[in-house]
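Each chain is listed here by its residues.
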Amino acid sequence: MKTQDYIDLENQYGANNYAPLDVVLTKGNGVWVEDVEGKRYLDCLSAYSAVNQGHCHPKIMQTVTEQMSKLTLTSRAFRNDQLGLFYKELCELTNSHKVLPMNSGAEAVESAIKVVRKWGYTVKGVPEDQAEIIVCDSNFHGRTISIVGFSSDEDSRKGFGPFPQGFVTIPFGDAQALRDAITPNTVGFMVEPIQGEAGVNIPPDGYLKEVREICTEKNIMLVLDEIQTGLGRTGKLLAEEHEGIEADLTLIGKALSGGFYPVSAVLSNSEVMDVLNPGEHGSTFGGNPLAAAIARTSLKVLVDEGLVENAAKMGEYFIEGLHRLEPPHVKEIRGRGLMIAIEFEPEAGGAKPFVKAMAKKGLLCKETHTHTIRFAPPLVITKEEVDFALKVIGEVLNGE
Ligand SMILES: *Cc1c(COP(=O)(O)O)cnc(C)c1O
């Protein structure tokens, strides 16, 4: 079968909810992936930061095969010998007290909403069904009904209502707007430290610190969605560390499994998680021994291989290199660690043609919205590989 045959199959039998580039991948190793025609690409998307450890990391793969042949799923009706160790190692690494394990990122977000609401009713004393959660304009927190209900993206929302109530939207990066939006019924503020899907939107310096102070002062829970920014992507283990703060609830997912399996978690560093009692929340696959074992090794690889430090170093080198290219029609080059974006002026004619041209030259990335390209390679990337990316980007943007 050739590339077009696979594409035809997807088009004939698959739901039409994605518009992928027409490359059909069959292998991956580190930052490299290979398509069915044998062409190699440097992956500058990393499955939206789910493969921070690189494709098919050998240590994680070994854990997968070992654990898979021993025990995969018990349900939480019984205990397993991986879950407690996963909890302990994750808490020690992230300075958290409690973990709630789930599978997809959206489930972690839904879980946080439930926990924060329950805390609001049982601890803060908000009247029944009156809890409000404040979120930000241009957020991306996933695709469930309640989450798309508070999205400001038309394509995500339109045609899917009615939506659950209790969410209030404010501008991103504006601490005063948060202060103004808080009412006696506010139970939480949920925000991405850097907005990923919106195009790597970095808030003003001091924003998270001020947000932390406001939440503490007003007795509301700060929920940081670090599903994309977390686990090394921005050059710190968690992006909150850039401002020296700690959220009440931190959501992680994506790279928690190194791309092998859906694993997400709600981390809680206050007693908010203790509002949950048996029977009130759960997931058949959440916390299963295969997921727990994979997550343990995925975390260990991040630490043992110095991937957080490498993200900081290579990110700086990558961003400097982009500036040196001096590409035309660029509005802004921005990034933190290996979460990097170029935003083009409208006269560049949209980012998509650049993305296609880069793929032809062996670099995979994806435009986000119309005018922005995100570059987020696996954190194992070397200087030589960044040089390769910069060469391709330079050639394409300078029309060579
Ligand atoms: C990807 C993402 C999610 C959703 O994760 P899924 O695993 O796709 O459900 C939530 N929040 C942020 C910030 C994300 O980047």
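Please read these numbers as outputs of a predicted model, since none were measured by experiment.

A. Structural detail: the pattern of salt bridges. Summed over the entire model, instances satisfying the criterion amount to 18 salt bridges. R212 is paired through a salt bridge with D248; the nearest N and O atoms lie 3.0 Å apart. Here D248 lies in the loop between β8 (221-225) and β9 (249-252) and R212 lies in helix α9 (residues 207-218), a separation of 36 residues in the sequence. Each member of the pair, R212 together with D248, is buried.

B. Structural detail: unusual backbone geometry. Cis rather than trans, the peptide bond between G161 and P162 has omega equal to 0°. On the secondary structure map, P162 appears in the loop between α7 (154-157) and β6 (167-170). The phi dihedral of L231 is positive, around 55°, even though this residue is not glycine. A relative accessible area of 2% means that L231 is categorised as buried.

C. Main features of the site of the ligand. Lining the immediate surroundings of the ligand are S104, G105, A106, F140, H141, G142, E192, D225, I227, Q228 and K254. At 3.4 Å, a backbone N or O of F140 approaches a nitrogen atom of the ligand. Side-chain polar atom of D225 to a nitrogen atom of the ligand: 2.6 Å apart, as the coordinates give it. Against a free-state accessible area of 380 Å², the protein chains account for coverage of 81% of the ligand. Class assignment of the residues belonging to the shell around the ligand gives a composition of three nonpolar, five polar and three charged.

D. Representation of helix α3 (residues 58-68) in the model. Buried within α3 are the following residues: I60, T63, V64 and Q67. Viewed end-on, α3 has its buried residues packed into an arc of 100°, placing them on one side of the element. Looking at the packing, one finds that the buried side of α3 touches α10 (289-304).

Here is what the cut-offs are and how they apply
- Residues numbered from 1 in each chain as written.
- Predicted model: local features only at pLDDT ≥ 70, side-chain atom pairs only at ≥ 80, totals over all residues.
- Heavy atoms only, no water.
- Salt bridge = Lys/Arg side-chain N within 4 Å of Asp/Glu carboxyl O.
- Helix = DSSP H or I, 4+ residues; strand = E, 2+ residues; numbered from the N terminus.
- Buried < 20%, exposed > 50% of the residue type's maximum accessible area, 1.4 Å probe, protein only.
- Near = heavy atom within 4 Å.
- Polar contact = N/O pair within 3.5 Å; in protein donor to acceptor, adjacent residues only side chain to side chain.
- Areas by Shrake-Rupley, 256 points an atom, 1.4 Å probe, with all protein chains shown as cover.
- Nonpolar A, V, L, I, M, F, W, Y, C, P; charged D, E, K, R; others polar.
- Arc of directions from axis to C-beta.
- Contact = heavy atoms within 4.5 Å.

So far we have only geometry, and geometry alone does not tell us how the molecule works.
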